[in-house]
Amino acid sequence: MLHPDRLFPSDPTQRDIARRLYAEVGHLPIISPHGHTDPSWFAKNEAFPNPASLFVVPDHYAFRMLYSQGVTLESLGVPRKDGGAVESDPRKIWRQLAQNWHLFRGTPTRMWLDHAFETVFGVTERLSGASADRIFDQIDACLQKPDFLPRALFERFNIELLATTESPLDTLEHHRAIRESGWKGRVITAFRPDPVVDPEFEGFQANVETLGALSGENTATWAGYLAALRNRRQYFKEVGGATSTDHGHATATTADLSDADAERLFEKALRGTITAAEAEIFRGQMLTEMAKMSLDDGLVMQIHPGSFRNHNPGLFERFGRDKGADIPTGTEYVRALKPLLDRVGNERDLTIILFTLDETSYARELAPLAGHYPALRVGPAWWFHDSPEGMRRYREMITETAGFYNTVGFNDDTRAFCSIPARHDVARRVDCAFLARLVAEHRLEEDEAAEVAVDLAYTLAKKAYKL
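Description of the structure in this document. Everything numeric here is computed off the predicted structure, so don't read it as measured data. Each chain has its residues counted from 1, running along the sequence as written. Only residues with pLDDT of at least 70 are given local features in this predicted model, and only at 80 or more are side-chain atom pairs given and counted; all residues enter the totals for whole chains, interfaces and linings. Heavy atoms from the whole structure form the basis of all side-chain values; hydrogens and water molecules are not counted.

## Brief notes about the overall build of the protein
Under the convention used in this document: Counting from the N terminus, the helices are the DSSP runs of H or I reaching at least four residues and the strands are the DSSP runs of E reaching at least two. Atoms considered for the radius of gyration are the C-alpha atoms alone. The globule rule reads 2.2 Å times the number of residues to the power 0.38. Per-residue accessibility, obtained with a 1.4 Å probe over protein chains only, is compared with the maximum for each type, and a residue is labelled buried under 20%, exposed over 50%, and partly exposed between these values. Only the protein chains shown count as cover for residues, and all accessible areas are computed by the Shrake-Rupley method using a 1.4 Å probe. In this charge count, Lys and Arg are treated as positive and Asp and Glu as negative; neither His nor the chain ends contribute. Working definition for charges: the position is that of NZ of Lys, CZ of Arg, CG of Asp or CD of Glu.
If you tally the helices and strands in the protein, you get 20 helices and nine strands. By the compact-globule yardstick of 23 Å for 467 residues, the protein fits well, its C-alpha radius of gyration being 22 Å. For the protein, the C-alpha atoms occupy an extent of roughly 65 × 60 × 45 Å along the three principal directions. Expressed as a percentage of the 467 residues in the protein, the buried residues total 57%. In the structure as shown, the protein presents an accessible area of about 18,800 Å², 49% of it carried by carbon and sulfur atoms. A distance of 2 Å separates the average location of the 54 positive side-chain charges in the protein from that of its 67 negative side-chain charges.

## Focus: the nonpolar core
Condition: Throughout, nonpolar core names a set of buried Ala, Val, Leu, Ile, Met, Phe, Trp, Tyr and Cys residues whose side chains join them through atoms within 4.5 Å. Here a residue-residue contact requires only that any non-hydrogen atoms of the pair lie within 4.5 Å.
Formed by 71 residues in total, the largest nonpolar core has its most connected members in Tyr225, Leu229, Met286 and Ile352. Apart from the residues within four sequence positions on either side, Met286 is in contact with Val197, Trp222, Tyr225, Leu226 and Leu229. Within the second largest apolar cluster, 50 residues are counted, among which are Phe42, Leu103, Ala116 and Val187.

## Section: empty space enclosed by the protein
Which entries qualify depends on this criterion: Throughout, the protein atoms alone are placed on a 1 Å grid, and a set of points is a cavity if a 1.4 Å probe fits but cannot get out or a pocket if it is open with protein on both sides within 12 Å along at least five of seven lines; lining residues have an atom within 4 Å of a point. Grid points are joined across faces, edges and corners, and a volume is the space filled by probe spheres set on the points. For this scheme, ten residues count as nonpolar: Ala, Val, Leu, Ile, Met, Phe, Trp, Tyr, Cys and Pro. Four count as charged, namely Asp, Glu, Lys and Arg, and the remainder, Gly too, count as polar.
The full count for this structure, using the stated rule, is five cavities of 30 Å³ or more. Here the largest cavity is characterised by a volume of approximately 90 Å³. Contributing to the lining of the largest cavity are Pro380, Ala381, Met391, Tyr394, Arg395, Gly409, Phe410, Ala427 and Asp431. When residues of the lining of the largest cavity are traced back to their parent elements, those giving at least two are α18 (388-402) and α19 (420-440). Sorting elements by how many residues they give to the lining of the largest cavity places α18 first, with three residues. Split by residue class, the lining of the largest cavity holds six nonpolar, one polar and two charged. Leu54, Phe55, Asp59, Thr109, Trp112, Leu113, Ala116, Ala416, Cys418, Ser419 and Arg423 together form the lining of the second largest cavity. Counting only elements with at least two residues in the lining of the second largest cavity, the list comes to α3 (51-55) and α6 (108-121). In terms of residues, the lining of the second largest cavity owes the most to one element, α6, which gives four residues.

## Some details on the sheet that holds strand β9 (residues 376-378)
For the record, the criterion: Criterion used throughout: strands pair if DSSP finds at least two bridges between them. All axes here are fitted lines through C-alpha atoms, helices being fitted over the stretch that makes contact, and every angle between N-to-C directions spans 0 to 180 degrees.
Strand order across the open sheet formed by four strands is β4-β5-β8-β9, with parallel pairing between neighbours. The outermost strands of the open sheet, each flanked by one partner alone, are β4 (244-247) and β9. Strand-to-strand twist across the sheet, computed as the mean angle between neighbouring axes with direction ignored, equals 25 degrees. As paired elements, strand β5 (residues 300-303) and strand β8 (residues 352-354) share three bridges and run parallel to each other. Note that in β8 the partner of Ile303 across the bridge is Leu354.

## Let's talk about the pattern of salt bridges
The cut-off we apply is this: By definition, a salt bridge exists where a carboxyl oxygen of Asp or Glu is found within 4 Å of a side-chain nitrogen of Lys or Arg.
Inspection of the entire model under this criterion finds 36 salt bridges. The salt bridge partner of Glu202 is Arg321, with a shortest N-O separation of 2.8 Å. Of this pair, Glu202 sits in the loop between α10 (194-197) and α11 (204-215) while Arg321 sits in the loop between α15 (313-319) and β7 (327-328); the two residues are 119 residues apart in sequence, bridging distant segments of the chain. A relative accessible area of 25% means that Arg321 is categorised as partly exposed. As a salt-bridge pair, Asp256 and Arg343 come within 3.3 Å of each other at their nearest N and O atoms.

## A look at the packing of aromatic side chains
Filter applied, for reference: Between the rings of Phe, Tyr and Trp (Trp by its six-membered ring), a pair exists once the centres lie within 6.5 Å; its type follows the angle of the planes, with under 30 degrees stacked, over 60 edge-to-face, and the other angles tilted. Only Lys NZ and Arg CZ are tested; either one counts as a charge over a ring when it is within 6 Å of the ring centre and within 35 degrees of the ring normal.
With the rule as written, the count across this model stands at 31 aromatic pairs. Taking 5.4 Å as the distance between ring centres and 25 degrees as the angle between the ring planes, the aromatic pair formed by Trp383 and Phe384 counts as stacked. Under the relative-accessibility criterion, Phe384 is labelled partly exposed at 28%. Each residue in the set Phe55, Trp94, Trp101, Phe104, Phe117, Phe121, Phe136 and Phe148 is aromatic and connected to the rest through ring pairs, giving one cluster. The ring of Phe316 carries Lys81 above its face, with NZ or CZ at 4.8 Å from the centroid. Looking at Arg321, its charged tip hangs above the ring of Phe201, at a distance of 4.0 Å from the centre.

Spelled out as structure tokens, the structure:
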């Protein structure tokens, strides 16, 4: 099912160049510096239970499309918040995917799954209602073998480093267990403070109290609250090997308030009397506070704005966060980031990686900003744009102003473990195709393109994330 020239140009001259460039990068180790895989997989190293639990139940890319066509999440085995009944027969869940396989035609999800089916599990026939049980049995049989345990797959996938993402309230026991196990695979964490810096996050007041208990600081005061965050950042570095933070704010708004004004907002947040407008300012202030902390502790800062999260309230009520109901929004960066950049944008020892779900901002805002401020880099095409066309648009709109070296290579940002090699392969092929066009148009020499291809596939991520 996997054509060797997939995603390469149809023009024969460019295709030949792309093949040569891909030969330089296709075998490189995978650096996965940002994602959402479960560290317990690697700590416990237990077999994945079945194909449905591996490919369907945890993957919002898969069940989002099915839900859009009327397939209920209950029928796909997605756990309910209230513990209510959902489908528990993995074969029935798998058949739902197989019978609706046509829905994924032309999508990156189809490419990722086809790649995983064939390269990981040796599946060479197309998934369908007729083939569903055969393919289920083939994958299920593989999952019972030692070669398909999480650590064995990690090594087979040629992963040099994998970063997970945890809340400051996480004890990181799985990361500690990985480190103490003696296994050589490198799995690190990233610090995601949203639950304790967003006054509109569910349970914010209780979360801040727990933050205080974990850190031994008095989080009822502004100074104690900031000290607690510094404490947990250091804990994430020491126990989880963190080199980065991650911030999933709805917008790119930043602020640079006086300590007195920031403390007043914090007190209102703790009392539950903060308004929506004030909560937005407080989140913006916390981005600036996090940037200042990064200057002290060296953690790379990632900002992932532009998603209207939990857009479907009925779904959120039943299933919670990250269930495929997040929608991209228009996002402004030039004015929104100015308070932060006025404070730290010229710092050469700080790295702030900006992501967007608003492609219109690439050439107009993000590339010019990253092409000027030493602290800024542009993150790769993300989430809805982690796709062949999305990656092509990204390179076309970013490169002329920011170049290649104000970007940070690729990260897969996934919960779907078996899709990681597929996602990196897609990125490498698309980048080789883009570079091949520059070479064919005599805008870049082929030896230079080969160097860039290696940097995009491997070197830039290691450098940007201090790995």
